[in-house]
Amino acid sequence: MDPSEDWLRHWHDLRPGATSRAFLRGKPSTYEWLAGHARPGDRVLDLACGDGALLSLLRARGIQGAVGIDMSEGELAAARARLGPEATLVKGRAQALPFEDSSFDLVTCHLALMLMRPVEEALAEVRRVLRPGGAFVAVVGGRIAAPTEDAWTMLVRRLREEPFEGPSIGDLRAYSEEGLRELLQPFVNVRIEPILVDLSGTCDEVLALFRETYDVTRMVPARVSAFEEALRMDWQALLRPDGTLPCSMGTRCVSATTETAR
Ligand SMILES: C[S@@+](CC[C@H](N)C(=O)[O-])C[C@H]1O[C@@H](n2cnc3c(N)ncnc32)[C@H](O)[C@@H]1O
């Protein structure tokens, strides 16, 4: 098992729900994009389900019995609190899914595929548990060209100058369209669409997003407050009359099927 996996599990055990706190307010909603692929009667697996935000949306859309799996007990406890005891939530690794072959019509994955290493093993498991013609839909983090500079592009530029402690996470190929296409070669009908998610907010709201990233945990602790002060100064130039900052994060919306389209 890759050593970064333990680091990630521990991170999520301590901060369950960090992703949904950031992305449930994103526009457009990447959770809704995924949920929109489920049809009534589909057997759905949400891979790396976190605190159950997507499972809850699926349920609201009338999709019954979707299963969530995650390796973090902390995230699963938050999902249980959100969804109640009737939800099927399983602790496990994407690389060793505890499900029979062809058990699902649809596998969803929100902002987790790029964290998995080895990611090929996770994708092989997705193919195995999907029925022939079943669909895999994923929202994958990754930089895409932002139309203009905003609070997040400024932040990322400053981060590049920071020394980091701790492991590298995930597989770099998953962060680019070219790399994703390579990884998804065993699938057919692969579609990849870049989506910029608007997460604009006040300085404090955007800093709150930053404080729940993996990056801040891997920064040299003594540098964090100076880093934030410098960011606040950078951001003054971007402030809108209503006191908010433009802020967006890049994602790629991926859909693919095993063999023929469903
Ligand atoms: C960024 S969070 C996303 C959570 C949720 N999908 C959401 O968007 O709200 C990444 C999640 O992936 C899980 N994860 C990462 N690698 C995993 C793996 N190899 N197997 C199972 N879960 C994994 C983490 O525990 C964490 O809950």
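Residues numbered from 1 in each chain as written. Predicted model: local features only at pLDDT ≥ 70, side-chain atom pairs only at ≥ 80, totals over all residues. Heavy atoms only, no water.

Asker: Is there a simple way to think about the pairing of strand β7 (residues 248-257) in this case?
Answerer: In regular strands, side chains alternate between the two faces of the sheet. Of all 10 residues in β7, nine are buried; the element is thus mostly enclosed. Alignment of strand β5 (residues 130-141) against β7, held across seven bridges, turns out to be antiparallel. Residue alanine 135 lies in a different strand from β7, and its bridge partner there is threonine 257. In this structure, strand β6 (residues 188-198) lies alongside β7, joined through nine bridges in antiparallel fashion. Residue valine 188 lies in a different strand from β7, and its bridge partner there is threonine 257. (Buried < 20%, exposed > 50% of the residue type's maximum accessible area, 1.4 Å probe, protein only. Helix = DSSP H or I, 4+ residues; strand = E, 2+ residues; numbered from the N terminus. Pairing = 2+ DSSP bridges.)

Asker: Would you explain the environment of arginine 127 in this entry?
Answerer: Looking at the element boundaries, arginine 127 is found in helix α6 (residues 119-129). Given a relative accessible area of 32%, arginine 127 falls into the partly exposed group. Sequence spacing of arginine 127 and aspartate 101 is 26 residues, and the spatial spacing of their C-alpha atoms is 8.7 Å. Other than its neighbours up to four places away in sequence, arginine 127 contacts Pro186, Phe187 and Thr258. (Contact = heavy atoms within 4.5 Å.)

Asker: How do you make sense of the sheet that holds β6 when you look at a structure like this?
Answerer: The strands that make up a sheet are held in pairs by hydrogen bonds between backbone atoms, and each pair lies either parallel or antiparallel. Strand order in this open sheet of seven strands is β3-β2-β1-β4-β5-β7-β6, and the pairing throughout is mixed. At either margin of the open sheet sits one strand with a lone partner, and together these are β3 (88-91) and β6. Each adjacent strand pair in this sheet contributes to an overall mean axis angle of 15 degrees, direction not counted. Docked against the sheet, α6 engages β1 (44-47), β4 (104-110) and β5, running at close to 145 degrees with respect to β5. (Axes fitted to C-alpha atoms, helices over the stretch in contact; angles between N-to-C directions.)

Asker: For this particular structure, what's the right way to read the site of the ligand?
Answerer: Around the ligand there are 21 residues in total, and Tyr31, Ala48, Asp70, Ala94 and His110 lie nearest to it. In this structure, a nitrogen atom belonging to the ligand sits 2.9 Å away from a main-chain N or O atom of alanine 94. The contact in question runs from a nitrogen atom of the ligand to an N or O atom on the side chain of glutamine 95, over 3.0 Å. Protein chains bury 97% of the 590 Å² of accessible surface belonging to the ligand in isolation. (Near = heavy atom within 4 Å. Polar contact = N/O pair within 3.5 Å; in protein donor to acceptor, adjacent residues only side chain to side chain. Areas by Shrake-Rupley, 256 points an atom, 1.4 Å probe, with all protein chains shown as cover.)

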